[in-house]
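Examining the three-dimensional arrangement
Below, each chain spelled out in residue letters.
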Amino acid sequence: MLVKGSEILNKAHQENYGVGAFNFVNVEMLRAIFEAADHAKSPLIVQASEGAIKYLGIDMVLSLVHTMSKRYPHIPVALHLDHGTSFESCKKAVDAGFTSVMIDASHHPFKENLELTKQVVDYAHSKNVSVEAELGRLMGIEDNISVDEKDAVLVNPDEAEEFVKVSHVDYLAPAIGTSHGAFKFKGEPKLDFERLVEVKKRTNIPLVLHGASSIPQSVRQAFLDTGGDLKGGKGVPFDFITESIKGGVNKINIDTDLRLAFIAQVRKMAQENPAEFDLRKYFNPGIEAVKAVIVERMQVLGSADKI
Ligand code: TD4
Ligand code: CA
Ligand code: ZN
C-alpha cells in the first residue's frame, strides 16, 4: 500500500531501525526492489531522481509504482522524490502523487535553504506529503581534515536544531562525510558519528544517510569479474551503517550497489552468450542479483520482518 513517508520513517525512528530508500530507473529495478521487500517482509521506500523522472516520464513513474504496490498490497511503500532542486520540481511530484519529497537546497546559505524548505513543507503538508531536507555538503572527509574544514562541509548541530524547529521538515539528511557513487572516500572510510548523535539529540526526528551504498565484496567481485573497472572505489562498510542507525539514521539511500549488481549480470550475459539478443535473458539475472543485494541489506538495516 502506498503510504506517506513519515508513516514508515516515524515507526523506524521510534523503534530504532533503518529503512532502505532504493532508486529505480526502469521496470527491472523496481521489480527487483519490490520482490526483495516481499521476500524480506520489509517496509519500503522507492525513490526517483529528477533524472529518473525525465527518463521515464512522471506519469510512468507513478503508474509503475501503483502497479507494483497493488501487486504487493501488504508492503507499506512510500514513493519519494530524491534531490528535488526547486519548489516547482517538488510541487510537480506532490501533485502527481508522490508521498514524500526531498528539497535539496543545501548548497544555498542556511537562511535560503530554510526559506525554500519551509515553502515546500507548507505545500507538501497541505497535501499530506512528507518532506526531507539536507544540511551540509555530501563530501568525503579524511583523517587530516581540519576542524574548520569539517565545519564548512558537514552539518552544524546548532543549525540543525533551528532548521527543524522552524521548517517543520519531517526528516533531515545531515552531511556527516558520505558522498554519492563509488568514490566516497579517498583513504579509509570515515564518518562523523559524534556529529550525527548530536544532531539526533537536538532534532529528535528521522535522519537520512545519503551515499549509503556499501559495495560489499560480492558486488565488487561480480563487477570486477566481468571486466568492470572500480578503480579505488569503496562504499560505506556494513558496520558503519549499523553505527549510523544506532546514531539515529532511519532512511538509508542506496543506488550505486544496485547499479553495479545489475550491470555485472548484463555484462556477464553479453560475454558468455554473444549470439543472445533476447532482452529478457539479459535482464532476469540482473533482477535476481539486485534482489539478493537488497534482501541482505534489509537484514543489515533491521527492516526485515517488520511487516
Ligand atoms: O540520493 N542517492 C541516489 C542518487 C541518485 C542519482 O540519480 P541520477 O543519476 O538520476 O541523478 C543516494 O544517496 C545514493 O547513494 P549511493 O551511495 O548509492 O551512490
Ligand atoms: Ca545537496
Ligand atoms: Zn543522495
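This text goes with the structure placed above it.
Here we summarise the structure given alongside this text. (Residues numbered from 1 in each chain as written. Chains lettered and ligands numbered in written order. Predicted model: local features only at pLDDT ≥ 70, side-chain atom pairs only at ≥ 80, totals over all residues. Heavy atoms only, no water.)

This paragraph deals with the packing of aromatic side chains. In total, this model carries five aromatic pairs according to the counting rule given. Aromatic side chains Phe-262 and Phe-283 sit 5.8 Å apart centroid to centroid with 40° between the ring planes, which places their arrangement in the tilted category. Of this pair, Phe-262 sits in helix 12 (residues 256-272) while Phe-283 is found in helix 13 (residues 279-301), placing the two residues 21 residues apart along the sequence. (Phe/Tyr/Trp six-rings, centres within 6.5 Å; stacked < 30°, edge-to-face > 60°. Helix = DSSP H or I, 4+ residues; strand = E, 2+ residues; numbered from the N terminus.)

Moving on, we come to the site of ligand 1. The environment of ligand 1 is made up of 17 residues, and the closest members are Ser-49, Lys-184, Ser-213, Asp-255 and Thr-256. Relative to its free-state accessible area of 510 Å², ligand 1 is covered by the protein chains to the extent of 79%. Assessed atom by atom at 2 Å from the grid points, ligand 1 resides in the largest pocket. By residue class, the composition of the shell around ligand 1 is two nonpolar, eleven polar and four charged. (Near = heavy atom within 4 Å. Areas by Shrake-Rupley, 256 points an atom, 1.4 Å probe, with all protein chains shown as cover. 1 Å grid on protein atoms, 1.4 Å probe; cavity = no way out; pocket = protein on both sides within 12 Å on 5 of 7 lines; lining within 4 Å. Sits in = over half its atoms within 2 Å of the grid points. Nonpolar A, V, L, I, M, F, W, Y, C, P; charged D, E, K, R; others polar.)

Let us now look at the nonpolar core. In terms of nonpolar packing, the biggest core is built from 89 residues, with Phe-24, Leu-44, Val-46, Phe-98, Val-101 and Leu-172 touching the most fellow members. Once you skip the residues sitting within four places of it in the chain, Phe-24 turns out to touch Met-29, Leu-30, Ile-33, Val-46, Gln-47, Ala-48, Ala-52, Leu-56, Val-61, Val-65 and Leu-79. (Core = buried A, V, L, I, M, F, W, Y, C linked by side-chain atoms within 4.5 Å. Buried < 20%, exposed > 50% of the residue type's maximum accessible area, 1.4 Å probe, protein only. Contact = heavy atoms within 4.5 Å.)

Let us now look at the coordination of the calcium ion (ligand 2). For the calcium ion (ligand 2), the full set of protein donor atoms is Asp-104 (OD), Asp-104 (OD), Ser-106 (OG) and Glu-134 (OE), and the range of their distances to it is 2.2 to 2.5 Å. Counting gaps between the donor residues of the calcium ion (ligand 2) yields the pattern D-x1-S-x27-E. Highlighted residues: Asp-104 in the loop between strand 4 (100-103) and helix 6 (110-126) and Glu-134 in strand 5 (residues 130-135), separated in sequence by 30 residues. Side by side, Asp-104 and Glu-134 carry an identical accessibility label, which is buried. (Donors = N, O, S within 2.8 Å, 3.2 Å for Na, K, Ca; no water.)

Sizing a probe to match a water molecule and rolling it over the atoms shows the empty space that remains. The volume enclosed by the largest pocket comes to roughly 330 Å³. Forming the walls of the largest pocket are 22 residues, and the residues nearest its centre are Asn-23, Asp-82, His-180, Asp-255 and Arg-259. Where the lining of the largest pocket is concerned, the elements lending two or more residues are strand 2 (44-49), strand 3 (77-84), strand 8 (249-254) and helix 12. Looking at which element gives the most residues to the lining of the largest pocket, the answer is strand 2, with three residues. (Points joined across faces, edges and corners; volume = space filled by probe spheres on them.)

Let us look at the packing of helix 6 against helix 8 (residues 157-167). Relative orientation of the contacting elements helix 6 and helix 8 amounts to 30°, with a least axis distance of 9 Å. If you check the angle between helix 6 and helix 8, you find them roughly parallel. You can see that helix 6 and helix 8 cross each other, and the crossing is right-handed. In contact with Phe-110, Asn-113, Leu-114, Thr-117, Lys-118 and Val-121 of helix 6, helix 8 contributes Glu-159, Glu-162, Phe-163, Val-166 and Ser-167. Looking at the contact of helix 6 with helix 8 residue by residue, the classes come out as five nonpolar, three polar and three charged. (Axes fitted to C-alpha atoms, helices over the stretch in contact; angles between N-to-C directions. Parallel < 35°, antiparallel > 145°, perpendicular 65-115°, else oblique. Left-handed = near helix turned anticlockwise from the far one by under 90°.)

Another point: the side chain of Asn-253. Relative to the helices and strands, Asn-253 is located in strand 8. Owing to a relative accessible area of 6%, Asn-253 belongs among the buried residues under this scheme. If sequence neighbours within four positions are ignored, Asn-253 has contacts with Ala-21, Gln-47, Asp-82, Val-208, Leu-209, His-210, Gly-211, Ala-212 and Ser-213.

Within this structure, the stated rule accounts for one cavity of 30 Å³ or more. Taken as a whole, the largest cavity holds about 30 Å³ of empty space. Around the largest cavity, the lining residues are Glu-134, Leu-138, Ala-173, Pro-174, Ala-175, Ile-176, Thr-178, Val-208, Leu-209 and His-210. Of all elements in the fold, only strand 6 (171-174) and strand 7 (207-209) reach the threshold of two or more residues within the lining of the largest cavity. Here the lining of the largest cavity is built from residues that sort into seven nonpolar, two polar and one charged.

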